[in-house]
Amino acid sequence: MNIDIKAIHRAAETLESGKLVAFPTETVYGLGADAENPDALGLIFTLKRRPATHPLIVHVASGENLSYWADFIPDEAQKLIQVFWPGPLTLILKRSPRISAVVSGGQDTIGVRCPSHPVAQALLSVFKKGKGGIAAPSANLFGNVSPTKAQHVRDEFGQDSRLAQILDGGQSEVGIESTILDLSRINTHGPVLLRPGKISADDIASVIGKRPDKADKAAPRASGTLLSHYAPNTPVVLALTGDIPAVLNGLHKKGKRIALMHYSVFPDDMLASVFVRFEMPAFSADYSHQLYAVLRTLDEKGADMILVELPPLGSEWDGINDRLQRAAYDSRDVLKTVLS
Ligand code: TXA
Ligand code: MG
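Report follows, based on the coordinates. (Residues numbered from 1 in each chain as written. Chains lettered and ligands numbered in written order. Predicted model: local features only at pLDDT ≥ 70, side-chain atom pairs only at ≥ 80, totals over all residues. Heavy atoms only, no water.)

**Thoughts on the side chain of S315**
- Mapped onto the elements, S315 comes out in the loop between β14 (305-309) and α12 (318-328).
- In terms of polar contacts, S315 uses its side chain to reach the side chain of S200, at 3.1 Å.
- Among residues more than four places away in sequence, those in contact with S315 are S200, A201 and D202. (Helix = DSSP H or I, 4+ residues; strand = E, 2+ residues; numbered from the N terminus. Polar contact = N/O pair within 3.5 Å; in protein donor to acceptor, adjacent residues only side chain to side chain. Contact = heavy atoms within 4.5 Å.)

**Things to note about the sheet that holds strand β10 (residues 213-214)**
- Pairing within the open sheet is mixed, and its 10 strands lie in the order β7-β1-β2-β6-β3-β5-β4-β8-β9-β10. For this open sheet the edge positions go to β7 (163-166) and β10, each flanked by a neighbour on one side alone.
- Here 2 bridges tie strand β3 (residues 57-59) to strand β6 (residues 134-135), and the two strands are oriented antiparallel to one another. Looking at β6, one finds that H59 is bridged to I134.
- Of the strands in this sheet, β4 (89-94) and β8 (179-182) are in contact with helix α4 (residues 75-84), which crosses β4 at around 160°. (Pairing = 2+ DSSP bridges. Axes fitted to C-alpha atoms, helices over the stretch in contact; angles between N-to-C directions.)

**Considerations on the pairing of strand β5 (residues 109-113)**
- In terms of burial, β5 is a largely internal element, 5 of the 5 residues being buried.
- Along β5, one buried face is formed by T109, G111 and R113 and the opposite face, lined by I110 and V112, is buried too.
- Where β3 meets β5, 3 bridges bridge the pair, whose relative direction is parallel. Pairing of V58 across the sheet is with V112, part of β5.
- Of the pairings in the sheet, the one linking β4 to β5 comprises 4 bridges and is antiparallel in character. Of the residues in β5, the one forming a bridge with L93 is I110. (Buried < 20%, exposed > 50% of the residue type's maximum accessible area, 1.4 Å probe, protein only.)

**What to know about the packing of helix α1 (residues 5-16) against helix α5 (residues 118-126)**
- Where α1 contacts α5, the axes come no closer than 9 Å and their chain directions differ by 55°. It follows that α1 is oblique to α5 by the angle criterion. Both α1 and α5 take part in a crossing whose hand is right-handed. Contacts between α1 and α5 involve I8, H9, A11, A12, L15 and E16 from the first element and V119, A122, L123 and V126 from the second.
- Classifying every residue of the contact of α1 with α5 by side-chain character gives 8 nonpolar, 1 polar and 1 charged. (Parallel < 35°, antiparallel > 145°, perpendicular 65-115°, else oblique. Left-handed = near helix turned anticlockwise from the far one by under 90°. Nonpolar A, V, L, I, M, F, W, Y, C, P; charged D, E, K, R; others polar.)

**Considerations on helix α6 (residues 150-157)**
- Along α6, the positions that sit buried rather than exposed are A150, H152, V153, E156 and F157. Summarising the axial view, the buried residues of α6 lie within an arc of 155°, below the 170-degree limit, and thus occupy one face. (Arc of directions from axis to C-beta.)

**Examining the sheet that holds β14**
- Pairing is parallel across the open sheet formed by 4 strands, whose spatial order is β11-β14-β12-β13. The open sheet has two free edges, formed respectively by β11 (236-239) and β13 (276-279), since each of these has just one partner strand. Here the average twist between neighbouring strands, direction ignored, is 20°.
- Looking at chain direction, β11 and β14 are connected through 4 bridges and run parallel. Counterpart to A239 in the pairing with β14 is E309.
- Its contacts with the sheet place helix α11 (residues 284-299) against β12 (258-262), β13 and β14, and it is angled at close to 175° to β12.
- α12 contacts β11 and β14 of the sheet and is inclined by roughly 130° relative to β11.

**Side note on the packing of aromatic side chains**
- On inspection of all chains with the given rule, the structure shows 3 aromatic pairs.
- Between Y68 and W69, the aromatic rings sit 5.2 Å apart at their centres with planes inclined by 85°, giving edge-to-face as the arrangement.
- Where Y287 meets W317, the ring centres are 5.4 Å apart and the plane angle is 75°; that geometry is what we call edge-to-face. Here Y287 is found in helix α11, whereas its partner W317 is found in the loop between β14 and α12, with 30 residues between them in sequence. (Phe/Tyr/Trp six-rings, centres within 6.5 Å; stacked < 30°, edge-to-face > 60°.)

**Description of the nonpolar core**
- If you look at the biggest cluster of nonpolar residues, it comprises 46 residues, and the most contacted ones within it are L80, W85, L89, L91 and V103.
- At 5 residues, the largest contribution of residues to this core is made by helix α2 (residues 38-48).
- Not counting residues up to four positions away in its chain, the partners in contact with W85 are V60, S62, G63, L66, L80, L91, V112, R113 and C114.
- Of all hydrophobic cores here, the second largest spans 25 residues; its members include V28, Y263, A303 and I320. (Core = buried A, V, L, I, M, F, W, Y, C linked by side-chain atoms within 4.5 Å.)

**Section: the packing of α11 against α12**
- It is at 10 Å that the axes of α11 and α12 come closest, and there the two elements cross at 30°. Comparing the axis directions of α11 and α12 gives the class roughly parallel. Between α11 and α12 lies a crossing of left-handed hand. Residue-level contacts link S284, Y287, S288, L291 and Y292 of α11 to I320, R323 and L324 of α12.
- A breakdown of the residues in the contact of α11 with α12 according to their chemical character gives 5 nonpolar, 2 polar and 1 charged.

This is the structure in structure tokens:
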């Protein structure tokens, strides 16, 4: 990939001056600010319309300076960092007292991640000479689908001058947000998976010898764990492969315009009533790469609903199924209502 080093230097200066820069990561695009500048962090919350109690992930150039950000780094964290950093894994650790609570939404923990995207790596190595942290949530309005292209970021924020610069790094390879693993309470609760992602529970277990638990009520808050999140404007409706023919038929009879997202091959006559459709790849890595871009495209078609064929179950599909369930949460009763 060609990296525009001038743009990187300009972005680093922009961040150092307390302004916001959107940048590509291998998961999704981030809306970045200097993690040690509370005013700049405040801008993220207002621009994104995100509650100030929701913590931000701090992006770092490598695992080297971790003790600057975190107070206690368990062996499990070191092992995971060795294997998965740079990459799509966020670790929740005890926050160092020197780091402002603003970045953590007031919690005593901190989320840290070292992204592998070459543009993010270049930015982090120039920003504060590689010693800084860039706090960045996904670069979308709160609750919306995360951006996987620079154009998506422009679509979210338009010409808003609070976003000073957008670095373009092509389409994010992974396509869904990082796996979030809470190690901040490991001695009492063990490792806890707050958000599934490309790095699966099985992948984590293979490194630390223990499968992380699912989040419990006492687990740290994460907006990515809200029941409704990552949602397009068009209602998203999920259906099992075997139910798709009957659902399509029923919706067609009601005169509904259906945008279909499927991965199975269905006969042409069954698809004839479909208003617009997208055939997804059958491999999880390719599916997640496309997921948000396809949801955004279908969202713009003016359909009555986006009908999604539920992907298979299994560890490698956990992140995808998780995002689809949250995207569909607000419209979970739509099918029942329309077809009854
Ligand atoms: O892949 C990603 O993680 C992307 C890219 C830009 O790195 N970032 C991202 O950020 O998805 P955001 O803010 O959209 O989602 C981060 C999630 C939120 O649900 C937040 O609540 C959680 O991480 N989080 C961050 N710090 C936390 C902490 N200290 N304790 C618990 N959850 C935390
Ligand atoms: Mg987000």
